Amino acid sequence: MSELGVTINLQRDTPELAHIYEQAGIVQFHHGKFLIGPLALKAGEHVLDIGTGTGRLAEFVAGLVGPQGRVIGIDPLESRTEIARLRQSKTLTFETGRAEDLSRFSDSQFDAVYLNSVFHWIEEKERALREIHRVLKPGGRLGLNVQDPSKLHESRVFLRTAISQAGLGDRHRETHPVFGVTQEQLKALFAAGGFVDYRSDMRSLVDVHSDADSQFKWSESNAFGNFLDGFSRSEREQVRIAFARLVEAKRTPEGIRLERYLRFAFARKPDGSLKEPKLPA
Ligand SMILES: C[S@@+](CC[C@H](N)C(=O)[O-])C[C@H]1O[C@@H](n2cnc3c(N)ncnc32)[C@H](O)[C@@H]1O
């Protein structure tokens, strides 16, 4: 286990999961727009999208910074950047890479950096924030959203119940931890990374799924093969059936409505002025 308990296997992704993500990831895109607004991007700015996935949000951001701007999306999963590259343009490019190693970029290269539904997956969060600080210009802005393990998504609560109902007891605790950081951890991480003007709020976001199986598939693609890690094929099937029964209770005329919760956090790199406010560590 690494810092804050995150160990994921990026080798489990498949081209099929990446394609499912590209179809279903529209929900993530809508949530991502809440991240982009407060960054107040301007025409001509240079922006880094870390954990860009299949690049839908990066394409939207490229539209905001216009023909004089520049957006680079990075992601460790080749299967995802391959799809993202179909969106490539003169001002929008995609590369394979991780948040913890931004050595391909110069100091003070970007006006803004954002991570949409990515930070909870990052193994070395402190290292990633130090790197982000380095590549931001003085005064550059950072925005991210992240799960809080103390505030479970509704789907996760149903999943835990489904695992118990399938007779698999407390297996989720050992094999399927909830990744993320609490408000206190996040604030401390931003301070350690050298950021100022930290502000954050927890938002409740609603996802609507046509049926339980599409929700299950979405979760699989979203976790790039790490969903229900450690469960055998037949155990997964038992969990899927129990989960489907449970979430049917959340059906509305639009579909199955499930809430999830993300903390949105913003800060900036100090611009070097004498009156700079400091974050308490
Ligand atoms: C839920 S997806 C979000 C994708 C995209 N940001 C979006 O809005 O659709 C999470 C992404 O984080 C990426 N990821 C996981 N670990 C990472 C790391 N250490 N550095 C950068 N990205 C990472 C995954 O490859 C995956 O594409």
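Residues numbered from 1 in each chain as written. Predicted model: local features only at pLDDT ≥ 70, side-chain atom pairs only at ≥ 80, totals over all residues. Heavy atoms only, no water.

### Looking at the overall build of the chain
Here's step 1: In terms of regular secondary structure, the chain is built from ten helices and eight strands.
Here's step 2: The C-alpha atoms of the chain give 19 Å as radius of gyration, which agrees with the globular expectation for 281 residues (19 Å, within 12%).
Here's step 3: Along the first, second and third principal axes, the C-alpha set of the chain runs to 60 × 40 × 35 Å.
Here's step 4: Here the contacts in the chain between residues at least 6 apart in sequence split such that 79% fall between residues at least 24 apart.
Here's step 5: Of the accessible surface of the chain, which amounts to about 12600 Å², a share of 52% is contributed by carbon and sulfur atoms.
Here's step 6: If the 39 positive side-chain charges of the chain are averaged to one point and the 38 negative ones to another, these points end up 3 Å apart. (Helix = DSSP H or I, 4+ residues; strand = E, 2+ residues; numbered from the N terminus. Rg over C-alpha atoms; globule rule 2.2 N^0.38 Å. Contact = heavy atoms within 4.5 Å. Areas by Shrake-Rupley, 256 points an atom, 1.4 Å probe, with all protein chains shown as cover. Lys, Arg positive; Asp, Glu negative; His and termini not counted. Charge placed at Lys NZ, Arg CZ, Asp CG, Glu CD.)

### So, the side chain of Gln147
Here's step 1: Along the chain, Gln147 turns up in the loop between β5 (136-146) and α6 (154-168).
Here's step 2: Taking the relative accessible area as the measure of exposure, Gln147 reaches 16% and is therefore buried.
Here's step 3: Engagement of the side chain of Gln147 in a polar contact is seen with the side chain of His153, the distance being 3.5 Å.
Here's step 4: Contact partners of Gln147, with chain neighbours within four places excluded, come to His120, His153, Val178, Phe179, Gly180, Val181, Tyr261 and Leu262. (Buried < 20%, exposed > 50% of the residue type's maximum accessible area, 1.4 Å probe, protein only. Polar contact = N/O pair within 3.5 Å; in protein donor to acceptor, adjacent residues only side chain to side chain.)

### As for the site of the ligand
Here's step 1: By nearness alone, 19 residues border the ligand, and Tyr21, Gly51, Asp75, Asn116 and Asn222 come closest of all.
Here's step 2: Here an oxygen atom of the ligand sits 2.6 Å away from a polar atom, N or O, in the side chain of Tyr21.
Here's step 3: At a separation of 2.9 Å, a nitrogen atom of the ligand approaches a polar backbone atom of Ala99.
Here's step 4: Class assignment for the residues of the shell around the ligand results in nine nonpolar, seven polar and three charged. (Near = heavy atom within 4 Å. Nonpolar A, V, L, I, M, F, W, Y, C, P; charged D, E, K, R; others polar.)

### Quick word on the UniProt feature "domain: Methyltransferase type" (unreviewed entry) in the chain
Here's step 1: Per the UniProt record, the feature "domain: Methyltransferase type" (unreviewed entry) sits at residues 48-142.
Here's step 2: Taken end to end, residues 48-142 has its terminal C-alpha atoms 10 Å apart, with 29% of it in helix and 28% in strand. (UniProt positions renumbered as here; feature names shortened; annotations may be inferred.)

### Looking at the pattern of salt bridges
Here's step 1: Scanning the model with the defined rule gives 23 salt bridges in all.
Here's step 2: One salt bridge in this structure joins Arg127 and Glu124, with 3.3 Å as the shortest N-O distance.
Here's step 3: Residue Arg127 is classed as partly exposed on the basis of its relative accessible area of 35%.
Here's step 4: Residue classification places Glu124 among the partly exposed positions, given a relative accessible area of 31%.
Here's step 5: The salt bridge involving Arg260 is made with Asp207; its shortest N-O contact spans 2.6 Å. Remark: Asp207 occurs in strand β6 (residues 196-209) and Arg260 occurs in strand β8 (residues 255-268); sequence separation between them is 53 residues. As far as the burial class goes, Arg260 and Asp207 line up, both buried.
Here's step 6: Residues participating in the shared-partner salt-bridge network are Glu22, Arg56, Glu59 and Arg87. (Salt bridge = Lys/Arg side-chain N within 4 Å of Asp/Glu carboxyl O.)

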